[in-house]
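Given next are the chains, with one letter for each unit.
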Amino acid sequence: MRKVEPGHLARSLAGHDKGTLYIILEAAGEYVSLTDGKSRPVHRPKRKKKKHVQLQYPRDYTLKQKLEQKEAVSDEEIQDFLKRQNLQQQGGNESNVEGRRN
């Protein structure tokens, strides 16, 4: 099993947000703090059990370094990275990010 670290891209597997992509801000115990920069901004992250998220590749090393060094990360940086990932996944997959068929 891969180690869950700040800066990883994660997809929600359970709950009303199932299928949503997030960036992990913090991992502590059996929980992670998640942000998408929009509905869950950096200052109000989503708390979710690790078993309810699936790690995705790639991760953003710039965000990872900032989070490890306790530097401020903006919602715009998070949104920009997630937007690029959504576009790549939609172009290469049969279904979109929310899990619905095209």
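**Comments concerning the layout of surface pockets**
(1) Moving on: In this structure, the second largest pocket occupies an estimated 170 Å³ of space.
(2) Moving on: Every residue lining the second largest pocket is listed: Pro6, Leu25, Glu26, Val42, Leu67, Glu68, Lys70, Glu71 and Val73.
(3) Moving on: Elements with a minimum of two residues in the lining of the second largest pocket: strand E2 (21-28) and helix H1 (61-68).
(4) Moving on: Residue composition of the lining of the second largest pocket, by class: five nonpolar, no polar and four charged.

**Considering H1**
(1) Moving on: Residues of H1 that are buried: Leu63, Lys64, Lys66 and Leu67. Along H1, the residues classed as buried sweep out an arc of 165° about the axis, all on the same side. When the buried face of H1 is taken as reference, the exposed residues oriented beyond 90 degrees from it are Tyr61 and Gln65.

**Looking at the pairing of strand E4 (residues 46-49)**
(1) Moving on: The side-chain alternation of E4 yields one buried face, formed by Lys46 and Lys48, and one unburied face, formed by Arg47 and Lys49.
(2) Moving on: Here strand E3 (residues 31-35) pairs with E4 via four bridges, running antiparallel. Its bridge partner lying in E4, Tyr31 is registered against Lys49.

**A short note on the sheet that holds E4**
Within a sheet, neighbouring strands are paired by backbone hydrogen bonds and run either parallel or antiparallel to one another.
(1) Moving on: The antiparallel open sheet is built from five strands, whose spatial order is E4-E3-E2-E1-E5. With one partner strand each, in any of the chains shown, E4 and strand E5 (53-56) form the two edges of the open sheet. Direction aside, the axes of adjacent strands within the sheet are offset by 45° on average.
(2) Moving on: Strand direction decides the pairing type here: E2 and E3, joined by five bridges, are antiparallel. Residue pairing in the sheet places Glu26 in a bridge with Ser33 of E3.

**Quick notes on the confidence of the model for the protein**
(1) Moving on: On average, the protein scores 83 in pLDDT, and the residues at 70 or more come to 86%.
(2) Moving on: Note on residues 93-102: pLDDT is under 50 here. Beyond four places in sequence and across chains, it has 13 contacts.

**Considering the pattern of salt bridges**
(1) Moving on: Per the stated rule, a full pass over the model turns up six salt bridges.
(2) Moving on: Among the salt bridges present, the one from Lys66 reaches Glu77, with a minimum N-O distance of 2.7 Å. You can see Lys66 sitting in helix H1 and its partner Glu77 sitting in helix H2 (residues 75-92), a full 11 residues away along the chain.
(3) Moving on: Between Arg84 and Asp80 there is a salt bridge, and its shortest N-O distance comes to 2.6 Å. Pair noted here: Arg84 and Asp80 are both in helix H2, with a separation of four residues, about one helical turn.
(4) Moving on: Residue Arg84 is classed as partly exposed on the basis of its relative accessible area, which comes to 38%.
(5) Moving on: In this structure Asp80 comes out as partly exposed when scored by relative accessible area, which is 40%.

What counts as what
- Residues numbered from 1 in each chain as written.
- Predicted model: local features only at pLDDT ≥ 70, side-chain atom pairs only at ≥ 80, totals over all residues.
- Heavy atoms only, no water.
- 1 Å grid on protein atoms, 1.4 Å probe; cavity = no way out; pocket = protein on both sides within 12 Å on 5 of 7 lines; lining within 4 Å.
- Points joined across faces, edges and corners; volume = space filled by probe spheres on them.
- Helix = DSSP H or I, 4+ residues; strand = E, 2+ residues; numbered from the N terminus.
- Nonpolar A, V, L, I, M, F, W, Y, C, P; charged D, E, K, R; others polar.
- Buried < 20%, exposed > 50% of the residue type's maximum accessible area, 1.4 Å probe, protein only.
- Arc of directions from axis to C-beta.
- Pairing = 2+ DSSP bridges.
- Axes fitted to C-alpha atoms, helices over the stretch in contact; angles between N-to-C directions.
- pLDDT = per-residue confidence, 0-100.
- Contact = heavy atoms within 4.5 Å.
- Salt bridge = Lys/Arg side-chain N within 4 Å of Asp/Glu carboxyl O.

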